[in-house]
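Letter by letter, the chains look like this.
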Amino acid sequence: MIAEAMELSRADTITETVKIALIAYIRTQKIKQLGATVLNEPLAFRYAAKEIRDLNRE
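What you see is a predicted model, and the numbers here were worked out from it, not measured in a lab. (Residues numbered from 1 in each chain as written. Predicted model: local features only at pLDDT ≥ 70, side-chain atom pairs only at ≥ 80, totals over all residues. Heavy atoms only, no water.)

Chemist: What's the story with the side chain of threonine 17 in this structure? I'm lost.
Modeler: One can find threonine 17 in helix H2 (residues 14-40). Relative accessible area serves as the criterion here: at 3%, threonine 17 is assigned to the buried category. Beyond its immediate sequence surroundings of up to four residues, threonine 17 is in contact with Ile2, Ala5, Met6, Ser9 and Ala11. (Helix = DSSP H or I, 4+ residues; strand = E, 2+ residues; numbered from the N terminus. Buried < 20%, exposed > 50% of the residue type's maximum accessible area, 1.4 Å probe, protein only. Contact = heavy atoms within 4.5 Å.)

Chemist: Got a minute to help me understand a nonpolar patch on the surface in this structure?
Modeler: Together, Ile2, Ile14, Val18, Leu22, Tyr25 and Ile26 make up an exposed nonpolar region whose accessible area comes to about 560 Å². The residue isoleucine 14 is located in helix H2 in this model. On the basis of relative accessibility, which here comes to 49%, the residue isoleucine 14 falls in the partly exposed class. (Patch = residues over 30% accessible without salt bridge, like charges linked within 9 Å, V, L, I, M, F, W, Y side chains within 5 Å. Areas by Shrake-Rupley, 256 points an atom, 1.4 Å probe, with all protein chains shown as cover. Salt bridge = Lys/Arg side-chain N within 4 Å of Asp/Glu carboxyl O.)

Chemist: Is there a simple way to explain the pattern of salt bridges in this structure?
Modeler: If charged atoms from side chains of opposite charge come close, those side chains can pair. If you walk through the whole model with that rule in mind, you get 1 salt bridge. The partner of lysine 50 in a salt bridge is aspartate 54, and the shortest N-O contact between them spans 3.1 Å. With a gap of 4 residues between them, lysine 50 and aspartate 54 both fall in helix H3 (residues 49-57), about one helical turn apart. Given the relative accessible area of 51%, lysine 50 is considered exposed.

Chemist: How should the packing of helix H1 (residues 2-9) against H2 be read in this particular structure?
Modeler: Helices that pack against each other are described as a pair by the angle of their axes relative to one another and the distance between those axes. Between H1 and H2, the least distance of the axes is 9 Å, while the angle of their chain directions is 75 degrees. With respect to H2, the element H1 is oriented roughly perpendicular. Contact residues: H1 offers Ile2, Ala5, Met6 and Ser9, while H2 offers Ile14, Thr17 and Ile20. Its residues placed into classes, the contact of H1 with H2 shows 5 nonpolar, 2 polar and no charged. (Axes fitted to C-alpha atoms, helices over the stretch in contact; angles between N-to-C directions. Parallel < 35°, antiparallel > 145°, perpendicular 65-115°, else oblique. Nonpolar A, V, L, I, M, F, W, Y, C, P; charged D, E, K, R; others polar.)

Shown next, in the form of structure tokens:
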């Protein structure tokens, strides 16, 4: 797995490969957490499309 990860990440060392893999893993987990948060508490929009266009034209 290390050899494959090194090839895919184009890293020169095992340490660099592991660092890249950990960064990618952490980002993935944060995205999953954010997705779960949005599912539990959907985003609410204050303005309708027309109101936003009017605000942007000011």
